[in-house]
Amino acid sequence: DAVVRALSRVLMAQTLREHARGGIEARVARVEAFVKELKHLPIAIKTGDANEQHYEVPTDYFLRCLGPHLKYSCCLYKDFARDTLADAEEN
(Lines give C-alpha, C1' and ligand atoms only; values in the text may rest on other atoms or scores of the structure.)
Protein backbone atom coordinates (compact mmCIF):
# COMPACT_ATOMS: atom_id res chain seq x y z
CA ASP A 1 0.00 0.00 0.00
CA ALA A 2 2.77 2.44 0.90
CA VAL A 3 4.65 1.63 -2.30
CA VAL A 4 1.54 2.19 -4.43
CA ARG A 5 0.91 5.53 -2.71
CA ALA A 6 4.52 6.62 -3.19
CA LEU A 7 4.53 5.68 -6.87
CA SER A 8 1.17 7.39 -7.35
CA ARG A 9 2.62 10.58 -5.90
CA VAL A 10 5.64 10.39 -8.20
CA LEU A 11 3.43 9.87 -11.26
CA MET A 12 1.07 12.65 -10.21
CA ALA A 13 3.96 15.08 -9.70
CA GLN A 14 5.31 14.17 -13.14
CA THR A 15 1.89 14.68 -14.72
CA LEU A 16 1.45 18.05 -13.00
CA ARG A 17 4.87 19.20 -14.24
CA GLU A 18 3.97 18.15 -17.78
CA HIS A 19 0.67 20.01 -17.63
CA ALA A 20 2.35 23.15 -16.25
CA ARG A 21 5.01 23.42 -18.97
CA GLY A 22 4.76 26.28 -21.40
CA GLY A 23 2.83 29.47 -20.92
CA ILE A 24 -0.86 29.96 -20.40
CA GLU A 25 -1.46 29.67 -24.15
CA ALA A 26 0.07 26.19 -24.18
CA ARG A 27 -2.04 25.14 -21.20
CA VAL A 28 -5.23 26.45 -22.78
CA ALA A 29 -4.38 24.66 -26.03
CA ARG A 30 -3.90 21.36 -24.16
CA VAL A 31 -7.22 21.75 -22.35
CA GLU A 32 -9.02 22.62 -25.58
CA ALA A 33 -7.48 19.60 -27.33
CA PHE A 34 -8.54 17.37 -24.44
CA VAL A 35 -12.12 18.73 -24.53
CA LYS A 36 -12.24 18.22 -28.30
CA GLU A 37 -11.08 14.63 -27.87
CA LEU A 38 -13.69 14.00 -25.18
CA LYS A 39 -16.48 15.35 -27.37
CA HIS A 40 -15.69 12.73 -30.00
CA LEU A 41 -15.80 9.81 -27.58
CA PRO A 42 -18.95 7.75 -27.10
CA ILE A 43 -21.16 8.55 -24.14
CA ALA A 44 -20.31 5.22 -22.55
CA ILE A 45 -17.44 2.80 -23.02
CA LYS A 46 -16.98 -0.73 -21.69
CA THR A 47 -20.67 -0.98 -20.89
CA GLY A 48 -20.38 -4.75 -20.63
CA ASP A 49 -17.90 -4.41 -17.76
CA ALA A 50 -20.14 -1.91 -16.03
CA ASN A 51 -23.12 -4.21 -16.39
CA GLU A 52 -21.19 -7.11 -14.84
CA GLN A 53 -20.07 -4.97 -11.90
CA HIS A 54 -23.57 -3.72 -11.14
CA TYR A 55 -25.62 -6.82 -11.77
CA GLU A 56 -26.82 -6.92 -8.16
CA VAL A 57 -28.47 -3.49 -8.33
CA PRO A 58 -31.99 -3.49 -9.78
CA THR A 59 -32.42 -1.71 -13.11
CA ASP A 60 -35.18 0.43 -11.60
CA TYR A 61 -32.60 2.05 -9.31
CA PHE A 62 -30.58 3.32 -12.27
CA LEU A 63 -33.68 4.39 -14.17
CA ARG A 64 -34.66 6.56 -11.22
CA CYS A 65 -31.22 7.95 -10.31
CA LEU A 66 -29.51 8.47 -13.64
CA GLY A 67 -30.53 10.68 -16.52
CA PRO A 68 -32.09 9.54 -19.79
CA HIS A 69 -28.70 8.42 -21.15
CA LEU A 70 -28.02 6.34 -18.01
CA LYS A 71 -24.55 7.87 -17.72
CA TYR A 72 -22.24 7.10 -14.81
CA SER A 73 -20.00 10.05 -15.57
CA CYS A 74 -20.30 13.72 -14.79
CA CYS A 75 -22.32 16.35 -16.58
CA LEU A 76 -22.26 20.14 -16.93
CA TYR A 77 -25.08 22.39 -15.79
CA LYS A 78 -24.53 25.55 -17.85
CA ASP A 79 -27.59 27.16 -16.25
CA PHE A 80 -28.09 25.41 -12.94
CA ALA A 81 -31.47 27.07 -12.35
CA ARG A 82 -32.97 25.90 -15.66
CA ASP A 83 -30.98 22.92 -16.97
CA THR A 84 -32.39 19.48 -16.40
CA LEU A 85 -30.18 16.44 -15.88
CA ALA A 86 -30.79 15.56 -19.54
CA ASP A 87 -29.61 19.05 -20.59
CA ALA A 88 -26.50 18.76 -18.44
CA GLU A 89 -25.64 15.34 -19.89
CA GLU A 90 -25.75 16.85 -23.38
CA ASN A 91 -23.44 19.78 -22.44
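Read on for an overview of the structure. Keep in mind the model is a prediction, meaning the values are calculated, not measured.

Comments concerning the overall build of the protein chain
- Scanning the protein chain for helices and strands turns up five helices and zero strands.
- Seen in sequence order, the protein chain has helices and strands lined up from the N terminus as α-α-α-α-α.
- Against the 2.2 N^0.38 benchmark of 12 Å for 91 residues, the protein chain shows a C-alpha radius of gyration of 18 Å, more extended than a compact globule.
- For the protein chain, the spread of C-alpha atoms along the principal axes amounts to about 45 × 40 × 25 Å.
- A buried classification covers 8% of the 91 residues belonging to the protein chain.
- When contacts within the protein chain are restricted to residue pairs at least 6 apart in sequence, long-range pairs at least 24 apart make up 6% of them.
- Each charge sign in the protein chain was given a centre, from 13 positive and 14 negative side chains, and these centres are 9 Å apart.

Side note on the packing of aromatic side chains
- Taken as a whole and judged by the stated rule, the model has two aromatic pairs.
- Both rings, one in Tyr 61 and one in Phe 62, keep their centres 5.2 Å apart while their planes meet at 80°; by these two values the pair is edge-to-face.

Some words on the pattern of salt bridges
- For the structure shown, the criterion picks out three salt bridges.
- A salt bridge links Asp 60 to Arg 64, with the shortest nitrogen-to-oxygen separation between them at 2.7 Å. With Asp 60 and Arg 64 both in helix α4 (residues 59–65), this residue pair falls four residues apart, about one helical turn.
- Asp 60 sits in the partly exposed class, given a relative accessible area of 41%.
- Asp 79 is paired through a salt bridge with Arg 82; the nearest N and O atoms lie 2.7 Å apart.
- Using a relative accessible area of 68% as the deciding quantity, one classes Arg 82 as exposed.

Re the layout of surface pockets
- The volume enclosed by the largest pocket comes to roughly 590 Å³.
- By residue class, the composition of the lining of the largest pocket is ten nonpolar, three polar and five charged.

Concerning the environment of Ala 13
- Here Ala 13 is to be found in helix α1 (residues 2–20).
- Note on Ala 13: relative accessible area 30%, which makes it partly exposed.
- Ala 13 sits 77 residues away from Glu 90 along the chain, and the two C-alpha atoms are 33 Å apart.

Rules of the game
Residues numbered from 1 in each chain as written. Predicted model: local features only at pLDDT ≥ 70, side-chain atom pairs only at ≥ 80, totals over all residues. Heavy atoms only, no water. Helix = DSSP H or I, 4+ residues; strand = E, 2+ residues; numbered from the N terminus. Rg over C-alpha atoms; globule rule 2.2 N^0.38 Å. Buried < 20%, exposed > 50% of the residue type's maximum accessible area, 1.4 Å probe, protein only. Contact = heavy atoms within 4.5 Å. Lys, Arg positive; Asp, Glu negative; His and termini not counted. Charge placed at Lys NZ, Arg CZ, Asp CG, Glu CD. Phe/Tyr/Trp six-rings, centres within 6.5 Å; stacked < 30°, edge-to-face > 60°. Salt bridge = Lys/Arg side-chain N within 4 Å of Asp/Glu carboxyl O. 1 Å grid on protein atoms, 1.4 Å probe; cavity = no way out; pocket = protein on both sides within 12 Å on 5 of 7 lines; lining within 4 Å. Points joined across faces, edges and corners; volume = space filled by probe spheres on them. Nonpolar A, V, L, I, M, F, W, Y, C, P; charged D, E, K, R; others polar.

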